[in-house]
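Each chain is listed here by its residues.
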Amino acid sequence: MRALIDQGVDKVFGYPGGQIMPVYDSLYDYSDKIRHYLARHEQGAIHAAEGFARASGKTGVVIATSGPGAMNLITGLNDALMDSTPIVAITGQVPSSLLGKDAFQESDVVSVTLPVTKWSTLVKKAEDIAPAIAKAFYIANSGRPGPVVIDIAKDAQVGLAEYKHAYCNFIRSYDPNPDIKESQIEAAAELLNNAERPMILSGHGVTISNASNELIELAEKADIPVACTIHGLSTIPSCHHLNKGLLGMHGNLGPNINTNKADVILAVGMRFDDRVTGDTKKYAPDAKIIHIDIDASEFNKTVGSHIHIHGDAKTALSALLPFVNRQKHEAWVSSFDRHNKVEYDRVKKLELYPDNEDGKMHMGEVVNKVSKAFNHDAVLVTDVGQNQMFSVRYFNFTSPRSCITSGGLGTMGFGLPASIGAKIAVPDREVVLFVGDGGLQMTVEELGMIMEYNIGVKIVLLNNNYLGNVRQWQELFFNSRYSATPMTNPNFIALANAYGISGEDVAHRDNLDAAIERMKNHNGAYILNVNIEEMGMIFPMTPGGHGVDEILLNSTEYYKPV
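Residues numbered from 1 in each chain as written. Predicted model: local features only at pLDDT ≥ 70, side-chain atom pairs only at ≥ 80, totals over all residues. Heavy atoms only, no water.

Here we have 6 strands laid out as an open sheet, ordered 9-8-7-10-11-12, and parallel in their pairing. The outermost strands of the open sheet, each flanked by one partner alone, are strand 9 (243-246) and strand 12 (307-310). With strand direction ignored, the average angle separating the axes of adjacent strands in the sheet is 15°. Bridging between strand 7 (residues 198-202) and strand 8 (residues 226-228) involves 3 bridges; their strand directions are parallel. Residue Ser202 lies in a different strand from strand 8, and its bridge partner there is Cys228. (Pairing = 2+ DSSP bridges. Helix = DSSP H or I, 4+ residues; strand = E, 2+ residues; numbered from the N terminus. Axes fitted to C-alpha atoms, helices over the stretch in contact; angles between N-to-C directions.)

Below, the structure is given as structure tokens:
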């Protein structure tokens, strides 16, 4: 506990058990300094820690017992690794004398977690606990952030040692803050200064390094349009004239089409995920790519770069700014708007202002109205599926660290506990969760955490009685054979009420605005169960294996830009 306090920890998430009981017994004595949030499942605990870390920029801490407790953290550890989220997971382990003997609730935590962490270690002696915790925090939240695991044997937990404050800021062969070479900065600036069609791709690294101001300053100085990955969405205000929207499979037409027309691309803190690039053989054929990333292993891994700048995004952009000329690219910047107008007329307008007479709502219109109700300044948390894609397309942002979702791993069940962790991290901001009926039921037990700690999350359940994203793929690519995607759902409002959470069903468009207003004005958690059209589709869409500019406007029609 003293080692955690020395790291600035005052909030932890977890679930006790036999082999971690000494830690929890000590926690009892430090409850005035460390607030523990009891999840209802270890997966919920680690996703809550992720949400806390993503909203605050601090390291999330989760505690679990051995065996099944530790194993239930695996999904969250992998999720945190894929999305560069700093997590310290502390797990209990059987006494060291029983290791390898199949003792009750024993599992080889280190071997299992090594592939899904930055570092995993087993502590067998009491005197090694504080140094291990100091090292863990240094690794978790330096360089490219990620999860670490400290597995503490029972005899180490009950052993005695004199406490010595441990400090870690150096590990041999680990260089989380590389020096940026000025020659790379000058070469990148020369490319940008001579570009006719430059483009910035803003990724999660911009958020992690708190580089939004530098990103915007560079874009404005050189008049360069910005497109965002999902994790980069809140790095630049949605209303900024240079923000041209979302990249990728369900991104906006302008950024995706113009990716393949750009002559220089500055990619900042992003890893060229396959959902962003589509078929890499067809990706950005005319562009010289400048890649800024803290993780050197990302360079040329998926997409080749002409110049790679190994370093922190904020440091790199700050270094680049003086070398970049003030320019204007009016025709190029406006070319994005032509494509996005087609998208508005052919896709967005149908979502935002549907004219169906049955009153069945579209996901897009619900997300848009909720975003407006909260003045586009809430923290968006999503689950995974159609709810996620509609949310990131139609929710708007004014502040950094406002978009929290499971990107790399695409973890259903992430949303509810992550929204709880986010609200705990930023209690003065509104936190709105968009979740589907499938994802909610994967971690629905975490409504208990909302109940116990009075966490004021606003939950919008986009309920279509299907696993919607899988159903869409089945319709498009599997001859509408809806195998295991229709769902029979419970009475969600009754379920929420059982946890003491207020809410209401919204079955018709005419009732939506008033229901959103009641949710907004309610003091505490609230859930809207919004009955969405069952067979809704999320477009535009770049099918898997296609080029990033090969985009479906609907089920049958590809966009053909003029």
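Let us keep going from here.
With that settled, the discussion passes to the sheet that holds strand 17 (residues 502-506). Pairing in this open sheet of 6 strands is parallel, and the strands run 14-13-15-16-18-17 from one edge to the other. Because the sheet does not close on itself, it has two edges, and the strands there are strand 14 (403-404) and strand 17. When strand 13 (residues 379-382) meets strand 15 (residues 431-436), the two strands line up parallel, connected through 4 bridges. Of the residues in strand 15, the one forming a bridge with Thr382 is Phe434. Each of strand 13, strand 14, strand 15 and strand 16 (458-463) touches helix 17 (residues 386-394); the most contacted strand, strand 13, lies at about 160° to it. (Contact = heavy atoms within 4.5 Å.)

Next up on the list: the nonpolar core. The biggest cluster of nonpolar side chains holds 77 residues, and the ones touching the most others in it are Ile200, Leu266, Leu320, Val366, Val370, Phe434 and Val460. When residues are assigned to domains, this core turns out to be shared by domain 2 (182-336) and domain 3 (355-531), each giving three or more. Excluding anything up to four places from it in sequence, Leu266 contacts Leu192, Met199, Ile200, Leu201, Leu218, Ile290, Ile292, Leu317 and Leu320. Counting 50 residues, the second-largest nonpolar core is a separate cluster that includes Ala48, Ala55, Val109 and Leu447. (Core = buried A, V, L, I, M, F, W, Y, C linked by side-chain atoms within 4.5 Å. Buried < 20%, exposed > 50% of the residue type's maximum accessible area, 1.4 Å probe, protein only. Domains from an automatic or database assignment.)

Considered domain by domain, the protein is made up of domain 1 (2-158), domain 2 (182-336) and domain 3 (355-531). The C-alpha-based centres of domain 1 and domain 2 are spaced at 36 Å. Facing the 7 residues of domain 1 at the interface are 7 residues of domain 2. Here domain 1 and domain 2 share an interface that buries about 640 Å² over both sides, 53% of which is from carbon and sulfur atoms. Of all residues in domain 1, the largest losses of buried area upon contact with domain 2 belong to Arg54, Asp83 and Arg144, amounting jointly to 65% of the total for that side. Across the domain 1-domain 2 interface, the total number found is 2 salt bridges. (Buried area = accessible area lost by both parts, 1.4 Å probe. Salt bridge = Lys/Arg side-chain N within 4 Å of Asp/Glu carboxyl O.)

According to the stated counting rule, one finds 11 aromatic pairs in the structure shown. Aromatic pair Trp332 and Phe336: ring centres 5.2 Å apart, planes at 75°, arrangement edge-to-face. Of this pair, Trp332 and Phe336 both sit in helix 15 (residues 330-352), 4 residues apart, which is roughly one turn of the helix. The same class applies to Trp332 and to Phe336, which are both buried. Here Tyr466 and Tyr482 contribute two aromatic rings whose centre-to-centre distance is 6.1 Å and whose plane-to-plane angle is 70°, an arrangement assigned as edge-to-face. With Tyr466 in the loop between strand 16 and helix 21 (468-477) and Tyr482 in the loop between helix 21 and helix 22 (492-498), the pair connects residues that are 16 residues apart, well separated along the chain. A relative accessible area of 26% means that Tyr482 is categorised as partly exposed. Members of the aromatic cluster, joined through ring pairs, are Phe13, Tyr37, Phe52 and Tyr453. Sitting over the face of the ring of Tyr466, Arg471 holds its NZ or CZ atom 5.7 Å from the ring centroid. (Phe/Tyr/Trp six-rings, centres within 6.5 Å; stacked < 30°, edge-to-face > 60°. Lys NZ or Arg CZ within 6 Å of the ring centre and 35° of its normal.)

With that out of the way, let us pick up the side chain of Arg393. Along the chain, Arg393 falls in helix 17. By relative accessible area, Arg393 is classed as buried at 8%. A distance of 3.5 Å separates a polar side-chain atom of Arg393 from the backbone oxygen of Gly251. Sequence-distant contacts of Arg393, defined by excluding residues within four places in its chain, comprise Leu246, His250, Gly251, Asn252, Glu343, Val347, Lys348, Ile538, Phe539 and Pro540. (Polar contact = N/O pair within 3.5 Å; in protein donor to acceptor, adjacent residues only side chain to side chain.)

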